[in-house]
Amino acid sequence: MHGKTCVLCLLLLLAMGLGSQEALPPPCDSQIYCYGDLLHQVQMAKLFLDDKEFVDMPLSMAPDQVLLSFEELSKAHNYSIPRQQLQKFLAKHFQAARQELEPWTPGDWKDSPQFLQKISDTKLRAWAEQLHQLWKELGKKMKPEVLSHPELFSLIYSQHPFIVPGGRFAEFYYCHGHIPNGGRVYYLQRSQPPLLTLMMDRYVTHTNDIAFLRENIGTLALELNFWTEKRSVNVSSGGKSYVLNRYYVPYGGPRPESYSKDAELADTLPEGDREALWAELKAGAESGWDFSSRWFSGSPNTNSLRSTRTSKVVPVDLNAFLCQAEELMSNFYSRLGNDSQATEYRNLRAQRLTALTAILWDEEKGAWFDYDLENGKNPEFYPTNLSPLWAGCFSDPAIADKALKYLEDSQILTYKYGIPTSLQESGQQWDFPNAWAPLQDLVIRGLAKLPSPRAQEVAFQLAQNWIRTNFDVYSKKSAMYEKYDISNGGQPGGGGEYEVQEGFGWTNGVALMLLDRYGDRLTSGAWPALWEPHCLVVALLLSLLPSFLPQ
């Protein structure tokens, strides 16, 4: 029950105080890690290349003592402490970052899982074995002192071990099963794309642990209620009103982990506009796409972070995830014998499907598009435009042909190193030329689920492209990366607020998933010619040829 109680408490913390208000509260109550003069002076002095370094450093003594010592030092220097004195202060009052965790090997980890034997290409199989070993490097558990002295850490205690993404991300993240954005106090007031219900579905499918489902289904409902109560927006079209969801984090101040960047960016705006910008930047972080031209839609200066307006956008993927969650909740309650709740969630899904079609779907282009509350649909390409396929949230039987035509018309199938995050070069990491593993998964598995041989073959070719990029870069660098630059051959990605990170949880996971699914067909060999639409047709015919030959 402790795990359930923990998640419930985090959800309640996340939901507190989210009403619309002019004076926005800080992201947490820590005067060291979330707001205050100490945070401001340290971060603006830029003592570290990455602002996240400081807010991940544990304290060497009680917070009150640290704050008192800082106040005395600050007074002695007329509230502007010299850089060298700040460095000495940190050395005395703080410990090095990322020391709160210990190595952990998952209890069900096996040295040679069975799926490896399905990989035909010997080079890919050897690579997959190395990727599988990385789970032991990314597996972590918290040291006992995080529990006994939580006031000394920005890290949120969890009794359960977990997998970290890698690099600067040395804490659990939502995608590993927790409701806040990540496992630090400064993340508490923003969430991430809601996938907890899907995690439960994967767990129950694997274990058939209905008792665990029954014990925790209330937690799943609580998360969906949070999105309904705190992240909903009404959109009108054709005389009708529809309810959809958005990312929205009405909390003030710069993001602690990117404090100096946010503060300097806001300095370019009138003082009255700064809190609004900081809230929009937090909403962009909540989306997982921090940052992208996707959130600049409709702004005069479309390639500037200053024009971020995440809360004004109704995202396709967020609503697809919720649509999927509502269907899963209906199925869960049916299995548990609660027909009234099953019907309620089935109706919620039907309402959302209607709203997706009415507001986000474009029949002419054959895809869904983000909806700007002030400017209408955003016509730009993002892989998330096809996320309802991945979520199974559509009803059009002809969707396969429309989706493939959309990819062809957008010339996405001409990119042989991976699916680009967008076609806009903004300098942000969630834009061209970067490609990200979760977005490959959205498109590949979305197409693979369709009852169309051609869509399934395109899915395989996209998987082949991505596996070759990952394999080639690993062969040169001996590392997996959070993102890849696909503009001129596969290489580690760039752009955004920090250097590209190694590790890397979701990249490893997607690669292993694709190797498991297509291991008997994937190859590590030379790149084929670009997969133009006509080439895909030829590939499809070749793939079907054996079925027509005599046995």
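Right above here is the structure, for reference.
Residues numbered from 1 in each chain as written. Predicted model: local features only at pLDDT ≥ 70, side-chain atom pairs only at ≥ 80, totals over all residues. Heavy atoms only, no water.

## Side note on the overall build of the chain
Scanning the chain from terminus to terminus reveals 19 helices and 13 strands. In the chain, the share of contacts with a sequence separation of at least 24, taken over all contacts with a separation of at least 6, comes to 69%. Accessible area for the chain stands at about 23400 Å²; split by element, carbon and sulfur atoms hold 52% of it. (Helix = DSSP H or I, 4+ residues; strand = E, 2+ residues; numbered from the N terminus. Contact = heavy atoms within 4.5 Å. Areas by Shrake-Rupley, 256 points an atom, 1.4 Å probe, with all protein chains shown as cover.)

## Description of the sheet that holds strand β9 (residues 371-372)
Spatially, β6-β9-β10 is the arrangement adopted by the three strands of the open sheet, whose pairing is antiparallel. Lying at the two open borders of the sheet, with one neighbouring strand each, are β6 (313-314) and β10 (376-377). Sheet topology places β6 next to β9; two bridges connect them, and they run antiparallel. Looking at β9, one finds that Val314 is bridged to Tyr371. (Pairing = 2+ DSSP bridges.)

## Side note on the side chain of Ser292
Secondary-structure assignment places Ser292 in the loop between α11 (274-287) and β6. In contact with Ser292, other than residues within four places in its own chain, are Tyr382, Gln428, Trp430 and Asp431.

## So, the sheet that holds strand β12 (residues 483-485)
Pairing is antiparallel in the open sheet, where three strands are placed in the order β11-β12-β13. Each of the sheet's edge strands pairs with one partner strand only, and the pair in question is β11 (434-436) and β13 (491-492). Summarising the sheet, β11 and β12 pair through three bridges and their orientation is antiparallel. What sits directly across from Asn434, in β12, is Asp485.

## Things to note about helix α15 (residues 399-409)
The buried count for α15 comes to eight of eleven residues, which makes it a mostly enclosed element. Along α15, the residues that are buried comprise Ile399, Ala400, Lys402, Ala403, Leu404, Tyr406, Leu407 and Glu408. Remark: Gln411 follows α15 within two positions and exhibits a positive phi of approximately 60°. (Buried < 20%, exposed > 50% of the residue type's maximum accessible area, 1.4 Å probe, protein only.)

## Concerning the pairing of strand β5 (residues 240-245)
The side chains of a regular strand alternate, first on one face of the sheet and then on the other. With six bridges connecting them, strand β4 (residues 232-237) and β5 associate as antiparallel partners. Bridge pairing in β5 places Asn234 opposite Val243. Hairpin connection of β4 to β5: two residues between the antiparallel strands, including Gly238 at a positive phi of 60°.

## Thoughts on the pattern of salt bridges
Inspection of the entire model under this criterion finds 29 salt bridges. Across the salt bridge formed by Arg521 and Glu457, the nearest N and O atoms sit 3.2 Å from each other. Within this pair, whereas Arg521 is found in the loop between α18 (505-518) and α19 (533-544), its partner Glu457 is found in helix α17 (residues 453-477), the two being separated by 64 residues in sequence. Within the structure, one salt-bridge network assembled from shared partners comprises Lys52, Asp56, Glu100, Glu171 and Arg184. (Salt bridge = Lys/Arg side-chain N within 4 Å of Asp/Glu carboxyl O.)

## A look at the environment of Trp390
Here Trp390 shows up in helix α14 (residues 387-391). Given a relative accessible area of 6%, Trp390 falls into the buried group. Distance from Trp390 to Gln324, taken between C-alpha atoms, is 9.1 Å for residues 66 residues apart in sequence. Not counting chain neighbours up to four residues away, the residues in contact with Trp390 comprise Leu195, Leu198, Phe321, Gln324, Asp441, Leu442, Arg445, Gly446 and Lys449.

## With respect to the packing of aromatic side chains
Scanning all chains against the criterion turns up 30 aromatic pairs. For the pair Trp466 and Tyr484, a centre-to-centre distance of 5.4 Å together with 85° between the ring planes defines the contact as edge-to-face. Separated by 18 residues along the polypeptide, Trp466 in helix α17 and Tyr484 in strand β12 bring together distant segments of the chain. Summarising the burial analysis for this pair, Trp466 and Tyr484 share the class buried. (Phe/Tyr/Trp six-rings, centres within 6.5 Å; stacked < 30°, edge-to-face > 60°.)

## Some remarks on helix α5 (residues 83-93)
The complete set of buried residues in α5 reads Leu86, Phe89, Leu90 and His93. Along the axis of α5, the buried residues cluster in a sector spanning 95°; they form a single face. Exposed residues pointing more than 90 degrees away from the buried face of α5 are listed as Gln84, Lys88, Ala91 and Lys92. Among the structural elements, α2 (37-44), α3 (52-55) and α4 (63-76) are those in contact with the buried residues of α5. (Arc of directions from axis to C-beta.)

## Some points on the state of the cysteines
The full count for this structure, using the stated rule, is two disulfides. Shown here is the disulfide that connects Cys28 with Cys34, its sulfur atoms set 2.0 Å apart. Every disulfide takes its handedness from the sign of the S-S torsion; for Cys28 and Cys34 that torsion is 105°, giving right-handed. The exposure classification of Cys28 matches that of Cys34, with both residues buried. Across the disulfide from Cys323 sits Cys393; the S-S distance is 1.8 Å. Taking the sign of the S-S torsion, 75° for the link of Cys323 and Cys393, the bridge is right-handed. With Cys323 in helix α12 (residues 316-335) and Cys393 in the loop between α14 and α15, this residue pair connects regions lying 70 residues apart in the sequence. In this structure Cys323 comes out as buried when scored by relative accessible area, which is 1%. Each bonded cysteine of the chain is numbered by sequence order, and under that numbering the disulfide pairs are 1-2, 3-4. (Disulfide = S-S within 2.5 Å.)

## With respect to the packing of α17 against α18
The contact between α17 and α18 brings their axes to 10 Å, and the two run at 130°. Looking at the two axes, α17 sits oblique to α18. The hand of the α17/α18 crossing is left-handed. Residues Ala459, Phe460, Ala463, Trp466, Ile467 and Asn470 of α17 form the contact with α18, whose participating residues are Thr507, Val510, Ala511, Leu514, Leu515 and Tyr518. In terms of residue class, the contact of α17 with α18 is built from ten nonpolar, two polar and no charged. (Axes fitted to C-alpha atoms, helices over the stretch in contact; angles between N-to-C directions. Parallel < 35°, antiparallel > 145°, perpendicular 65-115°, else oblique. Left-handed = near helix turned anticlockwise from the far one by under 90°. Nonpolar A, V, L, I, M, F, W, Y, C, P; charged D, E, K, R; others polar.)

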